[in-house]
Amino acid sequence: MTDGRLEEALRHLQPPRGVRPWHGGATVQGALRGVRAELAAWKPAPDRHGIWDLTLHIAYWKYTVWRRLAGAPRGGFERSPSNWPSPPAEPSDQAWAEDRKLLARYHDLLVEALREFDPARLDEAADDARPTTHADLITGILLHDTYHVGQIQLLKRLARSQGLG
């Protein structure tokens, strides 16, 4: 059995090569292409998030949605605090590469979970405590990615306008 919602979600989460998302912008991985550790660690103000913060936050939510779709146990995310993990105190290209791999791993797990997900379960509650369905989780992670990609793109432009990156 197939469901157009799953096919559409996969198309947005992992567009075919050469196809840009509907909004014309980059995917998360595309937005991070060419970003070095110095730029990723930069913040427009001390109390604001930078690209590195957003990358770890996106990784966490991909992990969370993957875990809920796949039925994996809680507590497996490697960084803390979980929702907004802290980038390393001393940024380096190696640490940045590792955190990008973390994001890629949870992205790939999420894509695989969507490919294997039973479409008959899309409208079932994803959690006994809330009325959120599996379809809601899938739509939510797509919107989450799109929102934060926009922030990453703006941060890159702002940093570059100030001579960084």
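Per chain, residue numbering runs from 1 following the sequence as it is written. Only residues with pLDDT of at least 70 are given local features in this predicted model, and only at 80 or more are side-chain atom pairs given and counted; all residues enter the totals for whole chains, interfaces and linings. Side-chain figures throughout are based on the complete set of non-hydrogen atoms in the structure, without hydrogens or water.

Caption draft 1: View of the nonpolar core. Think of a nonpolar core as a cluster: buried Ala, Val, Leu, Ile, Met, Phe, Trp, Tyr and Cys residues, connected wherever their side-chain atoms sit within 4.5 Å. To sort residues, take the accessible area from a 1.4 Å probe on protein chains only and compare it with the maximum for the residue type: under 20% means buried, over 50% means exposed, and anything in between is partly exposed. If you look at the biggest cluster of nonpolar residues, it comprises 46 residues, and the most contacted ones within it are Ile51, Leu69, Trp96 and Leu114. We call two residues contacting when some pair of their heavy atoms lies within 4.5 Å. If near-sequence neighbours (up to four positions away) are discounted, Leu69 is found in contact with Leu110, Ala113, Leu114, Phe117, Arg121, His134, Leu137 and Ile138.

Caption draft 2: Main features of the layout of surface pockets. Buried and open spaces are told apart on a 1 Å grid over the protein atoms alone, a cavity being a set of points where a 1.4 Å probe fits but cannot get out and a pocket being an open set with protein on both sides within 12 Å along at least five of seven lines. Residues with an atom within 4 Å of a point are the lining residues. Grid points are joined across faces, edges and corners, and a volume is the space filled by probe spheres set on the points. Estimated volume of the largest pocket: approximately 380 Å³. Lining the largest pocket are 18 residues, and of these Pro15, Thr27, Gln29, Gly30 and Arg33 sit closest to its centre. The helix count covers DSSP runs of H or I at least four residues long, the strand count covers runs of E at least two residues long, and both are numbered beginning at the N terminus. Those elements that provide at least two residues to the lining of the largest pocket are helix H2 (28-32) and helix H5 (93-116). At 5 residues, H5 tops the list of elements feeding residues into the lining of the largest pocket. Per-class residue counts for the lining of the largest pocket are 8 nonpolar, 6 polar and 4 charged. Polar here means any residue outside two lists: the nonpolar Ala, Val, Leu, Ile, Met, Phe, Trp, Tyr, Cys and Pro, and the charged Asp, Glu, Lys and Arg; Gly therefore counts as polar.

Caption draft 3: Expanded view of the packing of aromatic side chains. Any Phe, Tyr or Trp ring, taking Trp's six-membered ring, that has another such ring centre within 6.5 Å forms a pair; planes under 30 degrees apart are called stacked, those over 60 apart edge-to-face, and the others tilted. Going through the model one piece at a time under the given rule, you end up with 9 aromatic pairs. Taking the centre distance of 5.3 Å and the plane angle of 75° together, the rings of Tyr63 and Tyr106 count as edge-to-face. A residue pair is termed long-range when its members are at least 10 positions apart, and Tyr63 in helix H4 (residues 51-70) and Tyr106 in helix H5 qualify at 43 residues. Assessed through its relative accessible area of 4%, Tyr63 is described here as buried. What links up through ring pairs into an aromatic cluster is the set Tyr60, Trp61, Tyr63, Trp66, Phe77 and Tyr106.

Caption draft 4: Focus on helix H1 (residues 4-13). Taken together, the buried positions of H1 are Leu6, Ala9, Leu10 and Leu13. Down the axis of H1, the buried side of the element spans an arc of 100°, and every buried residue falls inside it. Looking at the packing, one finds that the buried side of H1 touches H4, H5 and helix H6 (134-161). Counting of polar contacts relies on pairs of N or O atoms within 3.5 Å, with two restrictions inside protein: one atom must be capable of donating a hydrogen and the other of accepting it, and residues adjacent in sequence are counted only when both atoms are side-chain atoms. Measuring from the side-chain oxygen of the N-cap residue of H1 to the backbone nitrogen of Arg5 gives 2.7 Å; that N-cap residue is Asp3. The arc under discussion is defined with respect to the helix axis, by the directions toward the C-beta atoms.

Caption draft 5: Region of interest: H6. Between its first and last C-alpha, H6 extends 41 Å over 28 residues, near the 40 Å set by a 1.5 Å rise per residue. A positive phi of about 85° marks Gly163, the residue just after H6. Helices are assigned an expected span. That span is 1.5 Å times one less than the residue count.

Caption draft 6: Region of the structure containing the pattern of salt bridges. When a carboxyl oxygen of Asp or Glu is within 4 Å of a side-chain nitrogen of Lys or Arg, the pair counts as a salt bridge. By the definition in use, this model includes 12 salt bridges. The shortest N-O distance in the salt bridge between Arg36 and Asp93 comes to 2.4 Å. Of this pair, Arg36 sits in the loop between H2 and helix H3 (37-41) while Asp93 sits in helix H5; the two residues are 57 residues apart in sequence, bridging distant segments of the chain. What makes Arg36 exposed here is its relative accessible area of 53%. Between Arg68 and Asp127 there is a salt bridge, and its shortest N-O distance comes to 3.4 Å. Of this pair, Arg68 sits in helix H4 while Asp127 sits in the loop between H5 and H6; the two residues are 59 residues apart in sequence, bridging distant segments of the chain. Classification of Asp127 as partly exposed rests on a relative accessible area of 22%. Salt bridges linked by common partners bring Asp3, Arg5 and Asp123 together as one network.

Caption draft 7: Just the side chain of His57, in detail. Among the structural elements, His57 can be located in helix H4. Looking at His57, its side chain comes within polar contact range of the side chain of His148, at 3.3 Å. Dropping the residues within four chain positions of it, His57 is found in contact with Asn83, Trp84, Pro85, His144 and His148.

The quantities given are spatial measurements derived from coordinates; they are silent on function.
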